[in-house]
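Residue-level structural notes
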Protein chains: 2
Amino acid sequence: MTVLDIDEERLWTRLMQLAGIGATPGGGVDRQALTDGEAQAWRLVIGWAAEAGLEASADRAANLFLTLPGRDRKLPPLMIGSHLDTQPTGGRFDGAFGVLAALEAATVIAGQGATPERDLVVVAWMNEEGSRFAPGMMGSNVFAGFRPLEEIRAAVDTRGISAGAEIDRLLSAFPELPVRDPGFALLAYVEPHIEQHVLLEQAGKAVGIVTAIQGKKTWEIVIGGEKGHAGTLAMDRRRDAVAAFARIAAALYAGIGGYDDLVKFTIGRVDVEPNAPSVVVDAVRFRIDLRHPETTTLQACAQLVQEICAREAAPCKVEVKPLVSTASTPFDEGLRIMLGAAAAARAIPAMPVLSYAGHDALQMAGVCPSAMIFIPCRDGISHSETEWAEPAHVAAGARVLLDVAAGIESFVR
Amino acid sequence: MTVLDIDEERLWTRLMQLAGIGATPGGGVDRQALTDGEAQAWRLVIGWAAEAGLEASADRAANLFLTLPGRDRKLPPLMIGSHLDTQPTGGRFDGAFGVLAALEAATVIAGQGATPERDLVVVAWMNEEGSRFAPGMMGSNVFAGFRPLEEIRAAVDTRGISAGAEIDRLLSAFPELPVRDPGFALLAYVEPHIEQHVLLEQAGKAVGIVTAIQGKKTWEIVIGGEKGHAGTLAMDRRRDAVAAFARIAAALYAGIGGYDDLVKFTIGRVDVEPNAPSVVVDAVRFRIDLRHPETTTLQACAQLVQEICAREAAPCKVEVKPLVSTASTPFDEGLRIMLGAAAAARAIPAMPVLSYAGHDALQMAGVCPSAMIFIPCRDGISHSETEWAEPAHVAAGARVLLDVAAGIESFVR
């Protein structure tokens, strides 16, 4: 059997070509969702895909699919990819690396001459970044069935233009493209991405097998007390909001901060009123940032936030306002084993890593076995013109993806 | 025996006349220490004192004395009075009431025809307010021997003029005045003053017998941690300054806030850096305001501040910077009993009250038995143009002072 391999130079060259669309003077990329830039990017990758014999199609959420047809087109396909949109001050790798690594893997598999058993689909999800139309992960969210298409079409950008109008405009620019309804059965989903953190770099690893995307919950807590003179008001008549904050925060750090080795608990913002040295404080507002890779633990800790605030606030009042709530998402264990085995077989230094940010794989994990491949990015910097990934790491991540995509038939039998 | 009594109308009229010196359009008084206004005030009260047969003198700290000579001039005299200087936005009663109530009492005693056994001295202390030359209570501080005269002479105002030069200027305006060295033996000191708080008003009392001036200690505490990402930095590697603050503040409120019924413990100011919701905080600066009427308790609580900060800060660093430290000063029990008996004999509603602010009596308590008489001021407002005391309360306070001054010989025998 021939050992398949990616074309490192082709992949790197395509990454740099793609980065030319929306290129900023400082070396970054501004190619926000559903802009003319994204349409140009579609045109480029659709062209590359056609050269490899892949069929382009889209869905009504403006997700782009590049499909290598299999022998039995009714079997649920393997899907690989990421997104083509960027932050307004984005870099060359966030999203683009995943789409082009997937295209490279599909191109290599297509080039071997044999038809795979099932379809292999390269995907470019619509609006992962959420910078133009909030929130992000829109395309995958609709594809996975978590939000109705009409709801995301109603989102508007700062100029009052709706996502729906821009989806229609993008699709109408590609009249030859078949457009289906979002959502179809998948065998599995694998997304390559830059890590956007320093763990791989610090450990000297070329590839990270992502264990999970940690969930996140944030709150604003408002403690209401009563103003008073520091020198005269008897302690037992005070409703001192700083005293209540101290009890609440100490109990939260003790109860949640030490919950297990994985929890992240932070009070990063604290605002005190009137904030004068000799006045008993009547209001403390603070923010809680809670993260954990396991949903049940995240929920248990969220329950503790409620309980501790309620228990420790008296004689002050307390208001617990939830702000953000993102589910914790562990990735499929079978896929993770395959990814690790593929890296080991190639002697690519790899390690399990947690994802601290959200990705389209977060949505897909809700509908099929999903996984992610991380590669290091310099100093963990992302969403920045200085975002950078080493060509060797780009190649390593693509190789692991290729091997898993090529070998996945054995995985499902 | 004739019952002595004050002349209510004379006292009130003099208060209003004195308030004309430095009068502000809004009904207040701006008559700061060692200004031409204070010299005018001296001239006025020296004139009133001369009418009553009192001898004017001063000391080199520009404290003014108006003495009713006794039979034995070697006996330590009773001293009564307060101060004539005001805040720049001061009122008509703070200080002036004490000096004029004392002058009224001495005038009445002088007017009865019999010579008292010992001197009775009405005092107007130099620079109680500390608004022009900081800190306040300068004259009494030097008189009591707690600070050398040369040190306070070196203080300068915002225009660069020294207190020493202004003392010399004031004294040279009164060339006829004998000037002695500050400090001489006293039998006792009694100071009438407006309460500058609402306790008497709320209780419906005309007079407060001041139990003590509570001591005060303040600190700035700086907790030094390390910045970090709320989503990625493991809890056991964090040096979270908010977590340390919560532990420290909770322990301080529990340990000191509940120390006894008299303690006042306040954290009124808290500043957090960088104060962003998803960043582990690397610095918390906060202020402690601690007050207690008993010195030993104040010191014990101050020790707790040090211990708790040191114990709870790790893994952060903590710096405990003392700012203000004023001793707690209980007033003489014998004098307090006399004041209470005098009020009771006249059926003047009186109650014991704590003084939450410093007064010249704080200094004098260090050198002789001392006491204070408070009268209510409207809504507790002071250092303001709207400062106001009822004529009936002014008279009540002066009557209690008169009776104690007239009767004090029996007290010391």
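Bear in mind that the values here come from a model prediction, so they are computed numbers and not experimental data.

Scoring rules and cut-offs
Residues numbered from 1 in each chain as written. Chains lettered and ligands numbered in written order. Predicted model: local features only at pLDDT ≥ 70, side-chain atom pairs only at ≥ 80, totals over all residues. Heavy atoms only, no water. Axes fitted to C-alpha atoms, helices over the stretch in contact; angles between N-to-C directions. Helix = DSSP H or I, 4+ residues; strand = E, 2+ residues; numbered from the N terminus. Parallel < 35°, antiparallel > 145°, perpendicular 65-115°, else oblique. Left-handed = near helix turned anticlockwise from the far one by under 90°. Contact = heavy atoms within 4.5 Å. Nonpolar A, V, L, I, M, F, W, Y, C, P; charged D, E, K, R; others polar. Pairing = 2+ DSSP bridges. Expected span 1.5 Å × (residues − 1). Buried < 20%, exposed > 50% of the residue type's maximum accessible area, 1.4 Å probe, protein only. Arc of directions from axis to C-beta. Phe/Tyr/Trp six-rings, centres within 6.5 Å; stacked < 30°, edge-to-face > 60°. Salt bridge = Lys/Arg side-chain N within 4 Å of Asp/Glu carboxyl O. Polar contact = N/O pair within 3.5 Å; in protein donor to acceptor, adjacent residues only side chain to side chain. Domains from an automatic or database assignment. Buried area = accessible area lost by both parts, 1.4 Å probe.

1. Some points on the packing of helix H1 (residues 8–19) of chain A against helix H2 (residues 36–51) of chain A
Residue and element names in this part refer to chain A.
- One can describe the packing of H1 onto H2 by two numbers: an axis separation of 10 Å at closest approach and a directional angle of 155°. By the angle class used here, H1 and H2 are roughly antiparallel. For the element pair H1 and H2, the recorded crossing hand is right-handed. The residues of H2 that touch H1, namely those facing Arg14, Gln17 and Leu18, are Ala41, Leu44, Trp48 and Glu51.
- Here the residues of the contact of H1 with H2 are counted per class, giving four nonpolar, one polar and two charged.

2. Side note on the sheet that holds strand S13 (residues 317–326) of chain A
All names here are of chain A.
- Read from one edge to the other, the open sheet built from four strands follows the order S10-S12-S8-S13, with strand pairing classed as antiparallel. Looking along the sheet, the strands with just one partner apiece sit at the ends: strand S10 (264–273) and S13. Within the sheet, the average angular offset between the axes of one strand and its neighbour, ignoring direction, is 15°.
- Contacting strand S8 (215–224), strand S12 (283–292) and S13, helix H9 (residues 295–312) crosses the sheet at an angle of about 5° to S8.

3. A few points about helix H1 (residues 8–19) of chain B
Residue and element names in this part refer to chain B.
- Between the first and last C-alpha of H1 there are 17 Å, a value that for twelve residues agrees with the 16 Å anticipated at 1.5 Å per step.
- Considered for burial, the residues of H1 that qualify are Leu11, Trp12, Arg14, Leu15, Leu18 and Ala19. Down the axis of H1, the smallest arc covering the buried residues is 160°, so these residues share one side.

4. As for the packing of aromatic side chains
- For the structure shown, the criterion picks out 23 aromatic pairs over all chains.
- Between the aromatic rings of Trp12(A) and Trp388(A), the centroid separation amounts to 5.5 Å while the plane-to-plane angle is 75°, which identifies the pairing as edge-to-face. With Trp12(A) in helix H1 and Trp388(A) in the loop between strand S16 (370–375) and helix H12 (391–412), this residue pair connects regions lying 376 residues apart in the sequence.
- Judged by its relative accessible area of 19%, Trp388(A) falls in the buried class.
- Judged by centre distance (5.2 Å) and plane angle (65°), the rings of Trp125(B) and Phe143(B) are edge-to-face. One end of the pair, Trp125(B), is in strand S4 (residues 120–125); the other, Phe143(B), is in helix H4 (residues 138–143), and 18 residues separate them in sequence. Like Trp125(B), the residue Phe143(B) is buried in the burial classification.

5. Examining the interface of chain B and chain A
- With 42 residues of chain B at the contact, the number on the chain A side is 42 residues.
- Across the contact surface, chain B and chain A share zero salt bridges.
- Counting every contact that joins chain B to chain A gives 16 residue pairs in polar contact (both at pLDDT 80 or more).
- Residue assignment for the side of chain B that touches chain A shows that the elements contributing at least two residues are helix H8 (241–255), strand S10 (264–273), strand S11 (279–280) and strand S12 (283–292) of chain B.
- Ranked by residues supplied to the side of chain B that touches chain A, first place goes to S10(B) with nine residues.

6. Concerning the domain arrangement of chain A
Residues and elements named next belong to chain A.
- Split by domain assignment, chain A resolves into domain 1 (8–213 + 328–412) and domain 2 (215–326).
- Between domain 1 and domain 2, the C-alpha centre-to-centre distance is 39 Å.
- In this assembly, eight residues from domain 1 lie in contact with nine residues from domain 2.
- In terms of surface lost to domain 2, no three residues of domain 1 exceed Ser328, Leu354 and Tyr356, which account for 77% of the buried area on that side.
- Across the contact surface, domain 1 and domain 2 share zero salt bridges.

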